[in-house]
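Secondary and tertiary structure notes
Here is what each chain is made of, one letter per residue.
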Amino acid sequence: MVLFFPELQGKLNGHAVRVPLLNASLTDAVFELECSVDVAEVNGAFERASLGELRGILGYETRPLVSVGFINDSRSAIVDALSTLVVNGTQLKVYAWYDNEWGYSCRLSALQQYGVVAGAYWAFTLSDGALRMLVLFHFHQLGYSTLDIAGLFLFYEVFGILTNLCGGWLGARFGLRLTLWAGLALQIFALLLLIPVSASWPKLVSVIYVMVAQAISGIAKDLSKMSAKSAIKTVLASPHAPFPSGQDADGEHQLFQWVAVLTGSKNALKGVGFLQVACC
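Residues numbered from 1 in each chain as written. Predicted model: local features only at pLDDT ≥ 70, side-chain atom pairs only at ≥ 80, totals over all residues. Heavy atoms only, no water.

1. Concerning the overall build of the protein chain
Of regular secondary structure, the protein chain possesses seven helices and six strands. Mapped in sequence order, the helices and strands of the protein chain form the string β-β-α-β-β-β-β-α-α-α-α-α-α. Partitioning the intrachain contacts of the protein chain with sequence separation of at least 6 by distance along the chain shows that 69% fall at a separation of at least 24. When the accessible surface of the protein chain is split by element, carbon and sulfur atoms take 67% of a total near 16000 Å². (Helix = DSSP H or I, 4+ residues; strand = E, 2+ residues; numbered from the N terminus. Contact = heavy atoms within 4.5 Å. Areas by Shrake-Rupley, 256 points an atom, 1.4 Å probe, with all protein chains shown as cover.)

Written out as structure tokens, the structure reads:
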């Protein structure tokens, strides 16, 4: 544990014996504290954490349960409040129940879901930045004016707005999985549409064709964005989530943090997509 929390070096010691049991397991943790505490203070801190930022991960139990009472509990640890013990004010003993690897498996499952959603969104973002740079450079080399090139992206923004207006309904009606994969598929299709574009095409034909391709890309962008951000909220709201959001102020703050990470990484990766094409 000190590998993850170096500040606990020399302050925490213990051992674990892994035995295959049908019942839940128990952690016996003993801490030497720097300041005096009492049982009520310690249990209060655990209870607040179980209802706040660690909702769904940490449990707090005041009933006199035995091991079978914690079977199939998805939380990583459930503090047995009746067994909390303080000796001489600074030595703290805490019992925490857990159902072997079930809680750990639930954390990994939700983390995997977040990884899939974020990975799909990042892959889209890279291709989206590259796609727009390809269009910009190609038509710049053909001698198109700045206004002409800007007009090529008009449908990209317009159809993105229209997708935002109905994207929530589509996600609720058909599911976020379908809308996310639809966005990725449409982006690939939009990329493929640019393959036959040629300098020999009449200007009007080129502009209309590319604007249609950009419209499809705009739809793909907002389908993927709406699906990814909505999926993050779904994953974090799950009791199996690695960092569940809950419904309180701490949970909302945590949800915004994870969406901000996703959005911030998207903007950074879009810049990478721009550079990717510029360096080719």
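2. Some remarks on a nonpolar patch on the surface
Among the surface-exposed residues, Leu-154, Phe-155, Val-158, Ile-161, Leu-162 and Leu-165 lie close enough to one another that they form a single nonpolar patch of about 560 Å² accessible area. Position of Leu-154 among the secondary structure elements: in helix H4 (residues 154-174). (Patch = residues over 30% accessible without salt bridge, like charges linked within 9 Å, V, L, I, M, F, W, Y side chains within 5 Å. Salt bridge = Lys/Arg side-chain N within 4 Å of Asp/Glu carboxyl O.)

3. Some thoughts on the packing of aromatic side chains
The geometry of an aromatic ring pair is captured by the separation of the ring centres together with the interplanar angle, meaning the angle of the planes. If you walk through the whole model with that rule in mind, you get five aromatic pairs. Taking the centre distance of 5.3 Å and the plane angle of 10° together, the rings of Phe-70 and Trp-97 count as stacked. A residue pair is termed long-range when its members are at least 10 positions apart, and Phe-70 in the loop between strand S3 (58-61) and strand S4 (77-80) and Trp-97 in strand S6 (residues 91-98) qualify at 27 residues. Across this residue pair, the class does not change: Phe-70 and Trp-97 are buried. Judged by centre distance (5.0 Å) and plane angle (90°), the rings of Trp-201 and Tyr-209 are edge-to-face. Given the relative accessible area of 26%, Tyr-209 is considered partly exposed. (Phe/Tyr/Trp six-rings, centres within 6.5 Å; stacked < 30°, edge-to-face > 60°. Buried < 20%, exposed > 50% of the residue type's maximum accessible area, 1.4 Å probe, protein only.)

4. With respect to the pattern of salt bridges
Per the stated rule, a full pass over the model turns up six salt bridges. A salt bridge links Asp-222 to Lys-221; its shortest N-O distance comes to 3.3 Å. Assessed through its relative accessible area of 14%, Lys-221 is described here as buried. Note that Lys-225 and Asp-222 form a salt bridge whose closest N and O atoms lie 3.3 Å from each other. On the criterion of helical spacing, the pair formed by Lys-225 and Asp-222 is a turn pair, its members being three residues apart in helix H6 (residues 203-237). Of the residues examined, Asp-222 reaches a relative accessible area of 2% and is grouped as buried. One network of salt bridges, in which partners are shared, links Lys-221, Asp-222 and Lys-225.

5. Points about the pairing of S4
By the bridge criterion, four bridges tie S3 to S4 in an arrangement that is parallel. Across the sheet, the residue bridging to Leu-58 is Ala-77, located in S4. (Pairing = 2+ DSSP bridges.)

6. Digging into helix H1 (residues 39-51)
With 13 residues, H1 extends 18 Å between its outermost C-alpha atoms, agreeing within 8% with the 18 Å of an ideal straight helix rising 1.5 Å per residue. The set of residues buried in H1 consists of Val-42, Asn-43, Gly-44, Ala-49 and Ser-50. Looking at the buried positions of H1, the neighbouring elements they touch are S3 and S6. (Expected span 1.5 Å × (residues − 1).)

7. Brief notes about the side chain of Gln-214
You can see Gln-214 is positioned in helix H6. Of the residues examined, Gln-214 reaches a relative accessible area of 0% and is grouped as buried. With residues near it in sequence (within four places) discarded, Gln-214 still touches Leu-131, Arg-132, Val-135, Leu-152, Phe-153 and Tyr-156.

8. Considering the environment of Val-272
Residue placement: Val-272 occurs in helix H7 (residues 249-278). Among the residues examined, Val-272 registers a relative accessible area of 41% and is labelled partly exposed. When the C-alpha positions of Val-272 and Gly-129 are compared, they lie 7.6 Å apart, and in sequence the two are 143 residues distant.

9. A closer look at the side chain of Asp-99
Looking at where Asp-99 falls in the secondary structure, it is placed in the loop between S6 and helix H2 (102-141). Engagement of the side chain of Asp-99 in a polar contact is seen with the backbone nitrogen of Asn-72, the distance being 2.5 Å. With residues near it in sequence (within four places) discarded, Asp-99 still touches Ala-24, Phe-70, Ile-71, Asn-72 and Asp-73. (Polar contact = N/O pair within 3.5 Å; in protein donor to acceptor, adjacent residues only side chain to side chain.)

10. Some words on the confidence of the model for the protein chain
Per-residue pLDDT for the protein chain averages 79, and the proportion of residues at 70 or more is 78%. Every residue in residues 245-249 scores below 50 in pLDDT, and together they form 14 contacts with partners more than four places removed in sequence or on other chains. (pLDDT = per-residue confidence, 0-100.)

11. As for the nonpolar core
Counting residues in hydrophobic clusters, the biggest one holds 17 residues, and the most contacted among them are Val-135, Phe-139, Leu-152, Phe-153, Leu-194 and Val-210. Looking at this core, the elements that each hand over two or more residues are H2, helix H3 (146-152), helix H5 (176-193) and H6. The biggest single contributor to this core is H6, with five residues. Phe-153 has contacts with Arg-132, Val-135, Leu-136 and Gln-214, leaving out every residue within four places of it along the chain. (Core = buried A, V, L, I, M, F, W, Y, C linked by side-chain atoms within 4.5 Å.)

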